[in-house]
Amino acid sequence: MAWSLADRAVRRSAAAARRPAAGRRCCARVEAVYATHRATVLVTEKLGDAGLDRLRLTCNVETAYGLTQEELCAKVSLVDALIVRSGTKVTRAVFEASHGRLKVVGRAGVGVDNVDLAAATEAGCLVVNAPTANTVAAAEHGIALLCAMARNIPQADASMKAGSWDRSAYVGTSLAGKTIAVYGFGKVGSEVSRRARGLGLTVVAYDPYASAEKAAAQGVQLVTFDEALQVADFHTLHMPLTPGTKGLFNDSAFARMKRGARIINVARGGVIDEAALLRALESKQVAQAALDVFLEEPPSFENHPLVHRPDVICTPHLGASTTEAQEGVALEVVEAVVDALAGNLSVNAVNAPMVPAEILRELQPYIVLAEGLGRAAVGLVSNSTSSSSSASSSSSSSSSSSSSGGAHSQGGKGGFGDIAITYSSPRGDDLDTRLLRAMVIKGVLEETTTSKVNLVNADLLARNRGLRITEVSIRAGGDGTSEVLTSMSVALGTADSKFSAAVDRTNRIYVEGRVTGGAPFLTKIGNFDVELAVQGSVMLTRQRDQPGIVGGVGMLLSRDNVNISFMTVSRTAKDGEAIMAIGIDSEPSPATLEEITRVKGVIEVTIFKEVAPPQR
Ligand SMILES: NC(=O)C1=CN([C@@H]2O[C@H](COP(=O)(O)OP(=O)(O)OC[C@H]3O[C@@H](n4cnc5c(N)ncnc54)[C@H](O)[C@@H]3O)[C@@H](O)[C@H]2O)C=CC1
Ligand SMILES: O=C(O)C(=O)COP(=O)(O)O
């Protein structure tokens, strides 16, 4: 029986898999190695001593710093595990060169952008990280840069070392009484906020996925992207680099800031468009920048336009570099590596399969549905980079949804704190929902944070993010054995949506789905019935139910070379509105989106990207 198998898998994983599941590729192979010999671990970047000492208790440890790719590839076939920081690129070539011996990669820090996760998974190699131990260090570095920049400390220090005593050249700017905007109110961002308030700054935060309650408890107001840009004297960046945040700080963002604003980046280089920052500094729209991270690391020193400027202060990715943080991440990652070598599923596993392969095959559509609903719901939250537009001329005839503040194209305040999941199942209350709940959390969280969700840590991560999860199981018709779920829904409480039709009558972003013929489908968005395969990218439009719209929209898409894979229209007879879903092979340009909103009868349009994750 499908569900009882899944249930066993959940129990095994939740108990840290004391005995490995047969189908759990990575860990099963790891245990075989560990049981038969003392594992060898290669450490390629400086790791805290406490971690190294712990590692030496159970493993042979080799340290080799500053390896070239070729040197790393030559060594990797001789080791069972590899421990790195951000300076080692663990590429596909490295996994190939290991010829299957490498079983675990440990990242002594948060970001795993230097590890090819797809290649790791294909090679059956588990990747683990240390997601919490350097949070405070990164926050302290942000504050250090803020103070150093405001008071010109590095420049004044350099001038004194060059033999001058110039007091008038380094007059600074005060922090007290000013406003700082924190972008990304996660682990680091909330620690920065706490410290900034202590310095007498007013703190606002832009994070469309954060809990407003959690922010309010810290005396921080969540605001829209535009508001943050406009009100702040200082801007500090603490979001992950994702397709949605890449280049977020561009010409347009800098232009909307107060003249003479100052910016700090301790997150990832790619969040700032470096050429746009240069232009903003040259025009004095931005007075100063403090950068710990760069698009390319290390940046090219010869001719990097930002590094040499006197109005930019730089550090070489030092956010996590305190003795305490390095001891902390070393211990955190070594525990995870040793655990993984012993065949256990660690809470810090980054690419662990949520479910063993044979169970995944059996339950796949329901699992994909649960994750897809989570991704769909969070994908509808309003954020600054949303590809969405509202038709300005239109007067929506819709219900409360449009007046609820949902139709922002430039980002709402966000701040959802509730996820309500409803299962309609022939098993009613007997349905074991842990796996499905974990998949919803995975769908909601993984696109927006540095957190990697696995079965063991899902509930914990949700709690840490201030998310309240409520579940309701409704007994539906059926024999109670063959069908796991009749339908399932996910609602995000009080979030602003980039597509107002996605907001239901209780002001929640609402999506519902079911499995039909073995395939997962989205069946409801807000109050509208739809029929969307949970895969690929979709353009959604809300429109008045009148002729000419399908042709008009289709023509604009074809003019932009956007291939259409399917098109469905559903209407609510009651208020004369319809939602049209168009499967698209590529994304239309912003200009085309804008034109679509001007097609007579169209009320709003948005892009709904990759609802379903790639199949694992
Ligand atoms: N410079 C350094 O040495 C270090 C840098 N980092 C970096 O700091 C950043 C934050 O790390 P954590 O706080 O641990 O991550 P986190 O996952 O706890 O927090 C990230 C926050 O960003 C928010 N977010 C996502 N998309 C957003 C968007 N479009 N606009 C605004 N907010 C958005 C998320 O909702 C989340 O609350 C990451 O980029 C991480 O790689 C972390 C540690 C050290
Ligand atoms: O943990 C992170 O994401 C960091 O950026 C820190 O990188 P590092 O370990 O200092 O190379």
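By the naming in an unreviewed UniProt entry, the protein chain is D-3-phosphoglycerate dehydrogenase, taken from Chlamydomonas reinhardtii. Under the UniProt heading Subunit (unreviewed entry), the note attached to the protein chain is "Homotetramer."

By nearness alone, 27 residues border ligand 1, and Val-188, Asp-207, Thr-448, Thr-450 and Arg-465 come closest of all. Between ligand 1 and the protein, one listed contact pairs an oxygen atom with a backbone N or O atom of Val-188 at 2.8 Å. His-317 places a side-chain nitrogen or oxygen 3.3 Å from an oxygen atom of ligand 1. The protein chains hide 97% of the 870 Å² of surface that ligand 1 would expose on its own. Broken down by class, the residue content of the shell around ligand 1 amounts to 12 nonpolar, 10 polar and 5 charged.

This paragraph deals with the packing of helix 7 (residues 135-150) against helix 9 (residues 187-198). One can describe the packing of helix 7 onto helix 9 by two numbers: an axis separation of 8 Å at closest approach and a directional angle of 50°. Here helix 7 is positioned oblique relative to helix 9, judged by the angle of their axes. Note that helix 7 runs across helix 9; the crossing there is right-handed. Of helix 9, the residues touching helix 7 (which contributes Thr-135, Val-136, Ala-138, Ala-139, Glu-140 and Ile-143) are Lys-187, Val-188, Glu-191, Val-192, Arg-195 and Ala-196.

Spatially, 6 strands are ordered 15-14-16-17-18-19 in an open sheet, and the strand pairing comes out mixed. With one partner strand each, in any of the chains shown, strand 15 (468-475) and strand 19 (528-533) form the two edges of the open sheet. The average angle at which neighbouring strand axes cross in this sheet is 20°, direction not considered. Direction of pairing for strand 14 (residues 418-425) relative to strand 15: parallel, over a ladder of 8 bridges. Across the sheet, Ile-419 pairs through a bridge with Ile-469, a residue of strand 15. Of the strands in this sheet, strand 14, strand 15 and strand 16 (487-493) touch helix 17 (residues 434-445), which is tilted by about 140° from strand 14.

A separate point is the pairing of strand 14. For a regular strand, the rule is simple: side chains alternate between the two faces of the sheet. With 6 of 8 residues buried, strand 14 lies mostly within the body of the structure. Inspection of the sheet shows strand 14 paired to strand 16 by 7 bridges, in the antiparallel sense. Bridge pairing in strand 16 links Ile-419 to Leu-492.

Parameters at a glance
Residue positions are given per chain, counting from 1 as you read along its sequence in written order. Naming scheme: in the order in which they are written, chains are lettered from A and ligands are numbered from 1. pLDDT decides what is reported in this predicted model: residues at 70 or higher carry local features, side-chain atom pairs at 80 or more are listed and counted, and totals for whole chains, interfaces and linings draw on all residues regardless. Remark: hydrogens and water are excluded; side-chain values derive from all non-hydrogen atoms of the structure. UniProt positions are given in the numbering used here, feature names are shortened, and annotations may be inferred rather than shown by experiment. Near is defined per residue: the residue qualifies when any heavy atom it owns lies within 4 Å of the molecule or strand. Any pair of nitrogen or oxygen atoms within 3.5 Å is treated as a polar contact; in protein, a donor-acceptor pairing is required on top of that, and neighbouring residues in sequence qualify only through side-chain atoms on both sides. All accessible-area figures derive from a Shrake-Rupley calculation using a 1.4 Å probe, and residue coverage is judged against the displayed protein chains alone. Residues are grouped as follows: Ala, Val, Leu, Ile, Met, Phe, Trp, Tyr, Cys and Pro are nonpolar; Asp, Glu, Lys and Arg are charged; every other residue, Gly included, is polar. Angles here are taken between N-to-C directions and fall from 0 to 180 degrees, while the axes themselves are lines fitted to C-alpha atoms, restricted in helices to the stretch in contact. Only runs of H or I of at least four residues qualify as helices and only runs of E of at least two qualify as strands under DSSP, and these elements are numbered from the N terminus. What sets the label is the angle itself: under 35 degrees gives roughly parallel, over 145 gives roughly antiparallel, 65 to 115 gives roughly perpendicular, and the rest give oblique. The sense of a crossing depends on the near helix, which, turned anticlockwise from the far helix by less than a right angle, makes the crossing left-handed and, turned clockwise, makes it right-handed. We call two residues in contact whenever any of their non-hydrogen atoms come within 4.5 Å of each other. Strand pairing follows a simple DSSP-based rule, namely that at least 2 bridges must link the two strands. Partly exposed describes any residue whose relative accessible area lies between the buried limit of under 20% and the exposed limit of over 50%, with all areas from a 1.4 Å probe on protein chains only and scaled to the type maximum.

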